[in-house]
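For reference, the chains in residue letters:
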Amino acid sequence: DAGVIQSPRHEVTEMGQEVTLRCKPISGHNSLFWYRQTMMRGLELLIYFNNNVPIDDSGMPEDRFSAKMPNASFSTLKIQPSEPRDSAVYFCASRRGQNTEAFFGQGTRLTVV
Amino acid sequence: DAKTTQPTSMDCAEGRAANLPCNHSTISGNEYVYWYRQIHSQGPQYIIHGLKNNETNEMASLIITEDRKSSTLILPHATLRDTAVYYCIVSLPFSGGYNKLIFGAGTRLAVHP
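As a starting point, this report considers the structure included with it. This one's a predicted model, so the numbers in the text were calculated from it and none came from an experiment.

Each value, and the rule that gives it
Residues numbered from 1 in each chain as written. Chains lettered and ligands numbered in written order. Predicted model: local features only at pLDDT ≥ 70, side-chain atom pairs only at ≥ 80, totals over all residues. Heavy atoms only, no water. Contact = heavy atoms within 4.5 Å. Buried area = accessible area lost by both parts, 1.4 Å probe. Salt bridge = Lys/Arg side-chain N within 4 Å of Asp/Glu carboxyl O. Polar contact = N/O pair within 3.5 Å; in protein donor to acceptor, adjacent residues only side chain to side chain. Helix = DSSP H or I, 4+ residues; strand = E, 2+ residues; numbered from the N terminus. Nonpolar A, V, L, I, M, F, W, Y, C, P; charged D, E, K, R; others polar. Buried < 20%, exposed > 50% of the residue type's maximum accessible area, 1.4 Å probe, protein only. Pairing = 2+ DSSP bridges.

What follows covers the interface of chain A and chain B. On the side of chain B, 19 residues touch chain A, which itself brings 20 residues to the contact. Interface of chain A and chain B: buried area, both sides summed, is about 1,800 Å²; carbon and sulfur atoms make up 54% of it. A salt bridge links Lys-100 of chain B to Asp-56 of chain A; the nearest nitrogen and oxygen atoms lie 2.2 Å apart. Along the contact surface separating chain A from chain B lie 9 residue pairs in polar contact (both at pLDDT 80 or more). Contributions of two or more residues to the side of chain A that touches chain B are made by β4 (31–38), β5 (42–50), β6 (53–56) and β9 (88–95) of chain A. Element by element, the count of residues in the side of chain A that touches chain B is highest for β5 of chain A, at 4 residues. A class-by-class count of the residues in the side of chain A that touches chain B yields 8 nonpolar, 8 polar and 4 charged.

Moving on: the pairing of strand β11 (residues 108–112) of chain A. All names here are of chain A. Side chains of β11 alternate between two faces, with Thr-108, Leu-110 and Val-112 buried and Arg-109 and Thr-111 left unburied. Pairing of strand β2 (residues 10–13) with β11 involves 4 bridges; the strand directions are parallel. Note on β11: the bridge partner recorded for Val-12 is Thr-111. Pairing of β9 with β11, which is carried by 3 bridges, proceeds in the antiparallel orientation. Within the sheet, the bridge partner assigned to Ala-88 lies in β11 and is Leu-110.

Spelled out as structure tokens, the structure:
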């Protein structure tokens, strides 16, 4: 398996623009997570999907952030409108079951100018 | 919030064993202990996890105390490539039987020649 695949790897956008980050989980995994990492706040869990359903979105910072999982092999994280403080590395992770290891993608480095 | 306490940083000589401690005094009976590491800006990499018994795999060993209030990750023969931030995580359960992985600040391990 190719692992968790995220795209794009790097994104530079202007403030106010819409940004969409994409994630393809490992085949057969039924849980998917979106994390955000900054120097100030470390790794923060944004949202958790199980069987394509959002289970916990308490980490989503604002209404500007939204996440979807239309099927088991694809998820998106959208920021609209983007702001400079959204600049971070966004990671997607997936796992099979509950008490198992989660595998992370290589992340998307977002820069909002 | 993370439920673990780790030293901020540690050093280890190449070829020696690296022993990374973690305190999780509030752990509950059905909560697992996970260890991940993050090398530079890559995605976190799963190392090992366990519930009660000690665990070993090709990467490391996990020693969990009998009262489960602390654990130690052991890298038996550290190499320069093991320089990374190591995260000890206790799965955080919430309603519905799900659990999520909340990262703390981790331990920055420096392996030197």
